[in-house]
Amino acid sequence: MIANFFNKTKPINTLFIIGLLFFIYIFSIAFHLSEEITFGFVVKKVGIFSLLLIVIFTINFIVRKNNLTKDNSYAILLFVILIGMFPYSTLDFELLLVNLILLLAYRRIYSLRTSKETQKKIFDSAFWIGIATIISPWSSLTILLIYGAIYVFDKVTWRNSIIPLVGFCTPIIIYAAYLYALNDFDIFVENLTYTFSFSFGVFNSAILLIPLALVSSLLIWSIFPTTFKIRTVNNEFKHSWYLLVFHFVILLFVVLPWPVKNGGEFLLLFFPIAVIFTNYLQIIEEKWFKEVFLYTLLAVILAVFIL
């Protein structure tokens, strides 16, 4: 039932997904409440939910504009489900902001499949990554995605190879000059210091281990048959698919050393994972299997809040 319901893009689908996100968000706050409920607290939480909505609509735009999936609502549904499986991803404003800024970069990167305004798109995407890097230095690794797109979409020129560096450095130089003028250059050094953690003991808890194991297993299950299927079809999408898989690998190297380990950092991975899962569901002919796939993920959300 649920697979068939989201098989087409309809306004009611989007409303259902927003409702699901709202309930997940409310339960996340309730289960991790650690401060007194005040007016400021409510305003902050409303602001974070608004940011989540912007992220959802941005993802929907990227997917539709760049034909990363067929005409269905699976991608944003799966993104929200992943948020429910890792509820800490809804509680960190800075992480949500970094994710949104990177999504704005991805919007330009995946649009490099067309021949319009290539150099402007490259600069814009690198500029957004530079801004994200000011907030979180590990975001800088995503600049590799630009070079991956340049290669995959056959845009390799010496000029296109230099522009990402120019775009990336521009906001960082402006930020450094601003702080230097205020005699606060120490803030710049502090913000661009790569702090990291490779302590994964927190993932031994069932609340993180179960969803992590399931998503990892389904990813392995999904990537290989989908790649094989797409390779046999002679269309433009296979280039976007290769970039998407490369995108996921890059973000793994962003997330693994992330300094705060609580499951929230996986938010950065949700976009490529949701699109990968969507493309896998699109090649599955057995309707019952799609239902099992989605209901299993939804069941894990319930398990996470019960444990």
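The structure displayed is predicted, hence computed values, not measured ones.

A. Here's a closer look at the overall build of the protein. A count of helices and strands for the protein gives 13 helices and zero strands. Each helix (α) and strand (β) of the protein, taken in turn from the N terminus, gives the series α-α-α-α-α-α-α-α-α-α-α-α-α. Residues counted as buried form 50% of the 307 residues belonging to the protein. Within the protein, residue pairs in contact and separated by at least 24 positions form 77% of the contacts whose partners lie at least 6 positions apart. Here the protein has roughly 15,000 Å² of accessible surface; of this, 69% comes from carbon and sulfur atoms. In the protein, 21 positive and 16 negative side-chain charges are present, and the distance between their average locations comes to 14 Å.

B. Main features of the nonpolar core. Core analysis: the biggest nonpolar cluster contains 102 residues, and Leu78, Phe79, Met85, Tyr106, Phe271, Phe293 and Leu294 have the highest contact counts within it. Contacts of Leu78, omitting those with residues within four sequence positions, involve Ala274, Phe277, Thr278, Leu281, Phe293, Leu294 and Leu297.

C. Inspection of the pattern of salt bridges at higher detail. For the coordinates displayed, the defined rule picks out two salt bridges. Between Lys120 and Asp124 there is a salt bridge, with its nearest N and O atoms 3.2 Å apart. Taken together, the positions of Lys120 and Asp124, both in helix α6 (residues 118-135) and four residues apart, correspond to about one turn of that helix. Taking the relative accessible area as the measure of exposure, Lys120 reaches 46% and is therefore partly exposed.

D. Focus on the packing of aromatic side chains. A full pass over the atoms with the stated rule returns 25 aromatic pairs. When the centroid spacing of 6.5 Å and the interplanar angle of 45° are considered together, the rings of Phe237 and Trp241 count as tilted. Of this pair, Phe237 and Trp241 both sit in helix α11 (residues 237-255), four residues apart, which is roughly one turn of that helix. Take Phe237 and Trp241: they sit in the same class, and that class is buried. Here the aromatic cluster, defined as three or more aromatic residues joined through ring pairs, consists of Phe79, Phe86, Phe196, Phe198, Phe200, Phe203, Phe266 and Phe270.

E. Just helix α4 (residues 74-85), in detail. Between its first and last C-alpha, α4 extends 16 Å over 12 residues, near the 16 Å set by a 1.5 Å rise per residue. Counting buried residues along α4, 12 of its 12 residues qualify, which places the element largely inside the surrounding structure. Within the sequence span of α4, burial applies to Tyr74, Ala75, Ile76, Leu77, Leu78, Phe79, Val80, Ile81, Leu82, Ile83, Gly84 and Met85.

F. A look at unusual backbone geometry. For Glu117, which is not glycine, the phi dihedral falls at a positive 50°. As for its placement among the helices and strands, Glu117 is situated in the loop between α5 (93-110) and α6. Unlike most non-glycine residues, Asp154 shows phi in positive territory, near 60°. Mapped onto the elements of the fold, Asp154 is located in the loop between α7 (143-152) and α8 (158-181).

G. Geometry of the side chain of Thr278. Turning to its location among the elements, Thr278 is positioned in helix α12 (residues 270-283). Reaching out from Thr278, the side chain makes a polar contact with the backbone oxygen of Ala274 at a distance of 2.7 Å. Those residues within four positions of Thr278 in sequence are excluded, and the remaining contacts are Thr69, Asn72, Tyr74, Ala75 and Leu78.

H. Structural view of the environment of Trp258. Its place among the elements puts Trp258 in the loop between α11 and α12. Owing to a relative accessible area of 10%, Trp258 belongs among the buried residues under this scheme. When the C-alpha positions of Trp258 and Ile210 are compared, they lie 20 Å apart, and in sequence the two are 48 residues distant. In this structure, Trp258 is in contact with Leu95, Ser136, Trp138, Ser197, Glu265 and Leu268, ignoring residues within four places of it in sequence.

What counts, and where the lines are drawn
- Residues numbered from 1 in each chain as written.
- Predicted model: local features only at pLDDT ≥ 70, side-chain atom pairs only at ≥ 80, totals over all residues.
- Heavy atoms only, no water.
- Helix = DSSP H or I, 4+ residues; strand = E, 2+ residues; numbered from the N terminus.
- Buried < 20%, exposed > 50% of the residue type's maximum accessible area, 1.4 Å probe, protein only.
- Contact = heavy atoms within 4.5 Å.
- Areas by Shrake-Rupley, 256 points an atom, 1.4 Å probe, with all protein chains shown as cover.
- Lys, Arg positive; Asp, Glu negative; His and termini not counted.
- Charge placed at Lys NZ, Arg CZ, Asp CG, Glu CD.
- Core = buried A, V, L, I, M, F, W, Y, C linked by side-chain atoms within 4.5 Å.
- Salt bridge = Lys/Arg side-chain N within 4 Å of Asp/Glu carboxyl O.
- Phe/Tyr/Trp six-rings, centres within 6.5 Å; stacked < 30°, edge-to-face > 60°.
- Expected span 1.5 Å × (residues − 1).
- Polar contact = N/O pair within 3.5 Å; in protein donor to acceptor, adjacent residues only side chain to side chain.

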